[in-house]
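Chains, contacts and geometry: an overview
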Amino acid sequence: MNTNGIQQQWDDFHKYVERRDVIFYYVGYFSQTIIAAMADAVKLRVEHVGGVALTRRKLFSSFIEMAQNIVHYSSDSYEKEGQAQPSMRHGAVFIALTDERYYLHCANPVKADVAEKLREKLEHLRSLTIDEIKQEYKEMLRSETPPDSKGAGLGFLTMARDASAPLEFEFSPATVDGTSMFYLRATI
Amino acid sequence: MDNLFIAASPSSPEVDFRFDERRLSLKGESYPENAAQFWGDIIAVLREFLQQDMVAAPLTMNVALAYFNSSSTKMLFALFGTLNEKAKSGADIVLNWYHDEDDDTIFEFGQELCEDFPDLSFHDQAVKSQ
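A brief structural summary. (Residues numbered from 1 in each chain as written. Chains lettered and ligands numbered in written order. Predicted model: local features only at pLDDT ≥ 70, side-chain atom pairs only at ≥ 80, totals over all residues.)

Some words on the overall build of chain B
Here is the rule we go by: Only DSSP runs of H or I with at least four residues qualify as helices, and only runs of E with at least two residues qualify as strands; both kinds are numbered from the N terminus onward. For a compact globule the rule gives 2.2 Å times the number of residues to the power 0.38, and the radius of gyration it is set against comes from C-alpha atoms. Put plainly, a residue is buried at 20 or more neighbouring C-beta atoms within 10 Å of its own, exposed at 12 or fewer, and partly exposed in between, counting only other residues' C-beta atoms, which are placed from the backbone. Whether two residues are in contact depends on their C-beta atoms, placed from the backbone: they are in contact if these lie within 7 Å.
From N to C terminus, chain B includes three helices and six strands. Starting at the N terminus, the α and β elements of chain B follow one another as β-β-β-α-β-α-β-α-β. Relative to its length of 130 residues, chain B is compact, with a C-alpha radius of gyration of 14 Å against a globular reference of 14 Å. The principal-axis extent of the C-alpha atoms belonging to chain B is close to 40 × 30 × 25 Å. Taken over 130 residues, chain B has a buried fraction of 35%. Nonlocal contacts in chain B, meaning residues at least 24 apart in sequence, comprise 70% of its contacts between residues at least 6 apart.

Here you go:
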């Protein structure tokens, strides 16, 4: 006899997850350790749902780029009083599988100046063909790292190269302190 | 010069530079938190070795990286650039580039290396998928 509603809560939750075709979801702080653990989970999950090797590799690659972007650029960082913490920043990722296509989503808060740069970069990438993306990737690989990059300036190019459709993004309206949510979706 | 060994971690590869055997190897996955620092330190050790190395015998670099993120890609490019500089001055340097036969991304990156660093003896080594 179940009267405490636990199973019902799970059923509701699972039904929603299934309806949205979600195969992986995480919201919270991102650190390198958390990313490495999630990377394992994502690998297993995508194997389990039967992704082919090529798709699995592309999905994994985009997942890592998104997650590391959150560690580097989310405006919401975790700080304990008076303690230098390793990078921990807030964000969310989810992966949906609909009609054999994987949709990789991530979201994190960004400051207005970062939002502007992201918009510029992504709008530019969206205007390119896949051949132009590959060409730009080659050029960036051989150029000096941009000063505002904590990686190599290759992250979005890598995602755009691996995606089967242009990267899609949105920003929520900025709050009073100038922060907005940055949403990114990659189709694999 | 001392050999360099760094054990693999969940997000960084095994680095096994046996300078005494003239055999250097990289194996695993690379997406460390700070790729510039991780690879920068390795490149610094490699540079030091190459600067003082006067032996005519070939130097072999075996690379079997199953995945590397964008910032590691950039640093790897710099690492092979360093090897190429030495090869340009007459050293015999072999680069064995191992990858899964179906992994086009890693295969293509190898082709970029081959084009950009013609002084290395580049060998593409496609490995059968498991």
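Okay, back to it.
Focus: helix α6 (residues 155-162) of chain A
In terms of burial, α6(A) is largely enclosed, as eight of its eight residues are buried. Among the residues of α6(A), Gly155(A), Phe156(A), Leu157(A), Thr158(A), Met159(A), Ala160(A), Arg161(A) and Asp162(A) are the ones counted as buried. Contacts from the buried residues of α6(A) go to α3 (53-73), α4 (112-126), α5 (130-141) and β5 (179-187) of chain A together with α2 (70-88) of chain B.

Let's talk about the sheet that holds strand β4 (residues 59-68) of chain B
Residues and elements named next belong to chain B. Which entries qualify depends on this criterion: DSSP calls a pair of strands paired once it identifies at least 2 bridges connecting them. Inter-axis angles, ranging from 0 to 180 degrees, are taken between N-to-C directions of lines fitted to C-alpha atoms, where helices are fitted over the stretch in contact.
If you trace the six strands from one edge of the open sheet to the other, you get β1-β2-β3-β4-β5-β6, paired in mixed fashion. Each edge of the sheet is formed by a strand with only one pairing partner; in this case those strands are β1 (4-6) and β6 (121-127). Strand after strand, the sheet turns through a mean of 15 degrees between neighbouring axes, direction not considered. For strand β2 (residues 14-18) and strand β3 (residues 23-30), the ladder comprises five bridges, and the chain directions are antiparallel. Bridge pairing in β3 places Phe17 opposite Leu24.

Digging into the environment of Asn69(A)
Residue and element names in this part refer to chain A. Inspection of the secondary structure assignment puts Asn69 in helix α3. Its 24 C-beta neighbours within 10 Å are what place Asn69 among the buried residues. Put simply, Asn69 and Phe30 are 39 residues apart on the chain and 9.8 Å apart in space, counted from C-alpha to C-alpha.

Regarding the nonpolar core
In plain terms, the rule: Structurally, a nonpolar core is described as a collection of buried Ala, Val, Leu, Ile, Met, Phe, Trp, Tyr and Cys residues joined by way of C-beta atoms within 7 Å.
Within the largest apolar cluster, 65 residues are counted, with the highest numbers of intra-cluster contacts made by Phe63(A), Met66(A), Ala67(A), Leu104(A), Phe80(B) and Ile93(B). Per-element accounting of this core gives the leading share, nine residues, to α3(A). When sequence neighbours within four positions are dropped, the list of residues in contact with Phe63(A) reads Ala39(A), Val42(A) and Leu104(A).

Brief notes about the interface of chain A and chain B
The test is simple: Each residue is assigned to one of three groups, with Ala, Val, Leu, Ile, Met, Phe, Trp, Tyr, Cys and Pro labelled nonpolar, Asp, Glu, Lys and Arg labelled charged, and all others, Gly among them, labelled polar.
Taken together, the contact between chain A and chain B spans 19 residues of the former and 16 residues of the latter. Listed by contribution, the elements that provide at least two residues to the side of chain A that touches chain B are α2 (32-48), α3, α5 and α6 of chain A. Among the elements that make up the side of chain A that touches chain B, the one with the highest residue count is α3(A) (eight residues). Counted by class, the side of chain A that touches chain B contains eight nonpolar, eight polar and three charged residues.

As far as function goes, none of this settles anything; it's purely spatial.
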